[in-house]
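# Observations on the model geometry
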Amino acid sequence: MSRSCLARSSSSPSIATSPSSKEWAKRADRWLIEYSTPYKGIVKPQYKFPDATGYVRGLYRMPGVTEEFVKVIEQTFFKKVDDQAAYAHQRQLQRGKMTPRMREAWTLFVLSILMRSPKAVADTFEKFTEDLQEQWEHAKKQWTIDFPNEPPLGDHNPGMARQYALIQLRRFIANDAIGMLIHSMTWVCLDLTKYRYRLLTSDRPVVMTNGLGYVDSHLAMPLSPTMLFVAATTQQGMDSIKAIPIRDLVYSCNKQLVQRAVKYVWAHDHSQEALILGQMSADAASDPSIFSSQDGPILGKELTPLAKKLSV
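Residues numbered from 1 in each chain as written. Predicted model: local features only at pLDDT ≥ 70, side-chain atom pairs only at ≥ 80, totals over all residues. Heavy atoms only, no water.

Attention now goes to the sheet that holds strand β4 (residues 186–191). Spatial strand order, β4-β7-β6: 3 strands in an open sheet with antiparallel pairing. The open sheet has two free edges, formed respectively by β4 and β6 (218–222), since each of these has just one partner strand. For this sheet, the mean angle separating the axes of adjacent strands, direction not counted, is 20°. Taken together, the 6 bridges between β4 and strand β7 (residues 227–232) define a ladder with antiparallel strand orientation. Within the sheet, the bridge partner assigned to Trp187 lies in β7 and is Ala231. (Pairing = 2+ DSSP bridges. Helix = DSSP H or I, 4+ residues; strand = E, 2+ residues; numbered from the N terminus. Axes fitted to C-alpha atoms, helices over the stretch in contact; angles between N-to-C directions.)

Of note in this structure, Arg95 is not a glycine but carries a positive phi near 60°. Note that Arg95 resides in the loop between α1 (67–93) and α2 (100–115). For Ser281, which is not a glycine, the phi torsion comes out positive at approximately 65°.

Here we take up the pattern of salt bridges. As enumerated under the stated definition, the model contains 4 salt bridges in all. As a salt-bridge pair, Arg95 and Asp191 come within 4.0 Å of each other at their nearest N and O atoms. Separated by 96 residues along the polypeptide, Arg95 in the loop between α1 and α2 and Asp191 in strand β4 bring together distant segments of the chain. Using a relative accessible area of 39% as the deciding quantity, one classes Asp191 as partly exposed. (Salt bridge = Lys/Arg side-chain N within 4 Å of Asp/Glu carboxyl O. Buried < 20%, exposed > 50% of the residue type's maximum accessible area, 1.4 Å probe, protein only.)

Tallied over the full model, the rule gives 6 aromatic pairs. Note on Trp187 and Phe229: the rings are 5.3 Å apart at their centroids and 85° apart in plane angle, and the pair reads as edge-to-face. You can see Trp187 sitting in strand β4 and its partner Phe229 sitting in strand β7, a full 42 residues away along the chain. Assessed through its relative accessible area of 15%, Trp187 is described here as buried. Among the aromatic residues, those joined into a cluster by ring pairs are Trp106, Phe109, Trp187 and Phe229. The aromatic ring of Trp187 is capped on one face by Arg103, whose charged end is 3.8 Å from the ring centroid. (Phe/Tyr/Trp six-rings, centres within 6.5 Å; stacked < 30°, edge-to-face > 60°. Lys NZ or Arg CZ within 6 Å of the ring centre and 35° of its normal.)

Below, the discussion takes up the side chain of Lys48. Inspection of the secondary structure puts Lys48 in strand β3 (residues 42–48). Residue Lys48 is classed as buried on the basis of its relative accessible area of 6%. Side-chain polar atoms of Lys48 contact the side chain of Glu34, separated by 2.7 Å. (Polar contact = N/O pair within 3.5 Å; in protein donor to acceptor, adjacent residues only side chain to side chain.)

Moving on: the packing of α1 against α2. Two numbers describe how α1 lies on α2: the axes approach to 8 Å, and their chain directions differ by 115°. For the pair α1 and α2, the sense of crossing is left-handed. For the pair formed by α1 and α2, the contact residues are Val81, Asp82, Gln84, Ala85, Tyr87, Ala88, His89, Arg91 and Gln92 on the first element and Met102, Ala105, Trp106, Leu108, Phe109 and Ser112 on the second. Class assignment for the residues of the contact of α1 with α2 results in 9 nonpolar, 4 polar and 2 charged. (Left-handed = near helix turned anticlockwise from the far one by under 90°. Contact = heavy atoms within 4.5 Å. Nonpolar A, V, L, I, M, F, W, Y, C, P; charged D, E, K, R; others polar.)

Written out as structure tokens, the structure is:
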């Protein structure tokens, strides 16, 4: 498909999925290709500047959550997470050694990416708000019994409940124990320049097939069309990944990113267009937890000692 067949868009900047979107822009004109499904699942490609790519506008703007509160959360936490991770991202592209602070920033960023998918955010709101009204009514009755001379409690406030859920999402992302599941893994940045096909990225850019915390866990995230961040629980697991032919590694990573994309896939060129048009969002409903199961660790899979503590 030629460039003339693509519509140009100048949508306003919105929530970014990673500090690396500019890496997918074509070096000649600074455009990248954004694939989305704006109408009945039909995949539509558009040329865009990196700053005009969108994740989900108003990702945290749930009914009842004030604009001011959302801005505070975005500016005081999520923006800082992204900004600090940008330094670690550039260091990895340069094949340099990350400082302990950069490693911590990158750990927090990867965990935040796992928790900032539209489904993850929606699930967090549902989990922390589904029973709050019933609990509040019970608390009101108990209050009148325990404190009969005090003014009664007011009615349940859904907006406050949603704000609380957003705070809990932030606390979960910043949880040091959970972050250690990623921080303690073996990391490497693979240079895939020699392979003619390029890596894609999407609004769910982390490939995590086995969840976190297992002895055989691993994850990957494209840093650019030719650089891939990989983390594995053990050195043996990392060696197994490095032994995979580059062709198979790129294809597997791209396929999972495309299939699990919620709404957006970004590409450096058209070389992967058949894959994107044919399989985009095919597995978008799948959104595994850190243990790859909403009910807890998968039976029969060995957890690391740290993960065992978290799963109790």
